[in-house]
Amino acid sequence: MGFRKFINSKTLLSFITAFMLLGTNLLMAQTEAAATTGGQTDAPQVDWTGVAYYVLLFFLVCLGVAVIGKILKIYDLTLKIQGKKGMKWNTVMAVICLVFLLAGIYGAYWSFTVQGSMTLPEAASEHGVKIDEMFTVTTVLTMIVFFITQILLFGFLFQYRHSDKRRAHFLPHNNTIEKIWTIAPAIVLTVLVVFGFFTWQKIMNTTDTKGDINIDITGHQFAWELRYPGKDGVLGPKDFRMVSAANKLGVNFKKRSSFDDLQVDTMYLPVNKSIRLNIQALDVIHSVYMPHFRVQLNAVPGLPTFFKFTPTITTAQMRTQLDDPKFEYLVYCNKICGGGHYNMQKVVRVVTEAEYQAWLSRQKPYLSDALRKELHFAAADQPKTESQNRLALNN
């Protein structure tokens, strides 16, 4: 009767509606992504077979639990009809809690061993070591608290389940207990917050810019634009009013420092050199995410910001450590910024100083021929040439 009522209830209809809505959103997002990439075959595909399998498995588990519950209920009623004592439901629930505890502990163990093996390798930046230390300390403390509280919770439910042989003690209030479970967590959380605050302060409060390599990274749907300084070591200023088809970043060429800026496709970084990423966005919020360097900061339109770090492991060294000759550092977008978000990434290559300088010498200037034409630089040079020709003819 209960199962029949469930089938006819609004709960099942709501579940089906939510499932169809989720499926529609996934399908529409995939269609938009495919359209954005021009129908390229490397767009991710939704595995509807896998989705249907897990939905069906979840439904079957719920159905199995409901059937077992009905069988136990019928068995309990049969015992009572026969004049026998019914089932001890408190004991049944206590055993279920114990089973749930054991299953949860195994699930935590599985998560640490299987998913834990998918963690990132050692940090490839100076500050990343501190970030990892902070993460490790926080994880260890929270895991200790997690296991203690869960074992006590389900252990007490099993050990002190209802029994006719004993009576529960009613404790309306105890100041000592209240102080312990209020002050102890407050102290632990305060230590973690202060530890995290000083770690973050050391990373972000960097006012010394001497010797930094300034790199502009600007996000737009759906790509990163990279700009390096030229021989003068200074990046030219930008002005959003100068953004055009040829001048995507709106570089202001009224300043001489802009003329030798370089536009690159791959981010090259010299090892053990201080890097300053100047982060901006042109349209929506993006997020510069470089997991191996433990770098992440939002790129917000109209709000320029920066992140400083020092890479310590070259790409070649990391390839050797991971035994992966194809390994590459990458910069991703960590904000869901639209249908092509998944494809918004750039290769980051950490090299020696000599390799960096050799690569830098081969890069082309941001001031391309198309941009020169758009800014009428060629027209400005023409009168000068004609004047020189006339002077030559007069002579």
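The name recorded for the protein chain in an unreviewed UniProt entry is Cytochrome c oxidase subunit 2, from Mucilaginibacter lappiensis. The annotation that UniProt attaches to the protein chain under Catalytic activity (unreviewed entry) is "4 Fe(II)-[cytochrome c] + O2 + 8 H(+)(in) = 4 Fe(III)-[cytochrome c] + 2 H2O + 4 H(+)(out)". Its UniProt record, at the heading Function (unreviewed entry), says of the protein chain: "Subunits I and II form the functional core of the enzyme complex. Electrons originating in cytochrome c are transferred via heme a and Cu(A) to the binuclear center formed by heme a3 and Cu(B)."

**Q** Explain the pattern of salt bridges to me, and be specific about the residues and the numbers.
**A** A complete count under the given rule lists 10 salt bridges for this structure. With a shortest N-O distance of 3.7 Å, Lys248 and Glu225 are connected by a salt bridge. A residue pair is termed long-range when its members are at least 10 positions apart, and Lys248 in the loop between strand E2 (223-228) and strand E3 (262-264) and Glu225 in strand E2 qualify at 23 residues. Note on Lys248: relative accessible area 40%, which makes it partly exposed. Asp265 is the salt-bridge partner of Lys346, the closest N and O atoms lying 2.7 Å from each other. Of this pair, Lys346 sits in strand E10 (residues 345-351) while Asp265 is found in the loop between E3 and strand E4 (267-270), placing the two residues 81 residues apart along the sequence. The exposed category is assigned to Asp265, whose relative accessible area is 56%.

**Q** Lay out the environment of Arg349 with the relevant residues and their values.
**A** Along the chain, Arg349 falls in strand E10. Look at Arg349 and you get partly exposed, because its relative accessible area is 25%. Among residues more than four places away in sequence, those in contact with Arg349 are Met267, Tyr268, Leu269, Thr315 and Glu328. At 2.6 Å, the side chain of Arg349 and the side chain of Glu328 are in polar contact.

**Q** I'd like a description of the sheet that holds strand E6 (residues 286-290), backed by residues and values.
**A** On the basis of which strands lie adjacent, the open sheet formed by 5 strands has the order E4-E10-E9-E6-E7 and mixed pairing. This sheet does not close on itself; its edge strands, each paired only once, are E4 and strand E7 (295-299). Neighbour-to-neighbour, the strand axes of the sheet open up by a mean angle of 20°, direction not taken into account. Relative to E7, E6 runs antiparallel, the two sharing 5 bridges. Each residue of the ladder has a partner; that of Tyr289, found in E7, is Gln296.

What counts and how
Residues numbered from 1 in each chain as written. Predicted model: local features only at pLDDT ≥ 70, side-chain atom pairs only at ≥ 80, totals over all residues. Heavy atoms only, no water. UniProt positions renumbered as here; feature names shortened; annotations may be inferred. Salt bridge = Lys/Arg side-chain N within 4 Å of Asp/Glu carboxyl O. Helix = DSSP H or I, 4+ residues; strand = E, 2+ residues; numbered from the N terminus. Buried < 20%, exposed > 50% of the residue type's maximum accessible area, 1.4 Å probe, protein only. Contact = heavy atoms within 4.5 Å. Polar contact = N/O pair within 3.5 Å; in protein donor to acceptor, adjacent residues only side chain to side chain. Pairing = 2+ DSSP bridges. Axes fitted to C-alpha atoms, helices over the stretch in contact; angles between N-to-C directions.

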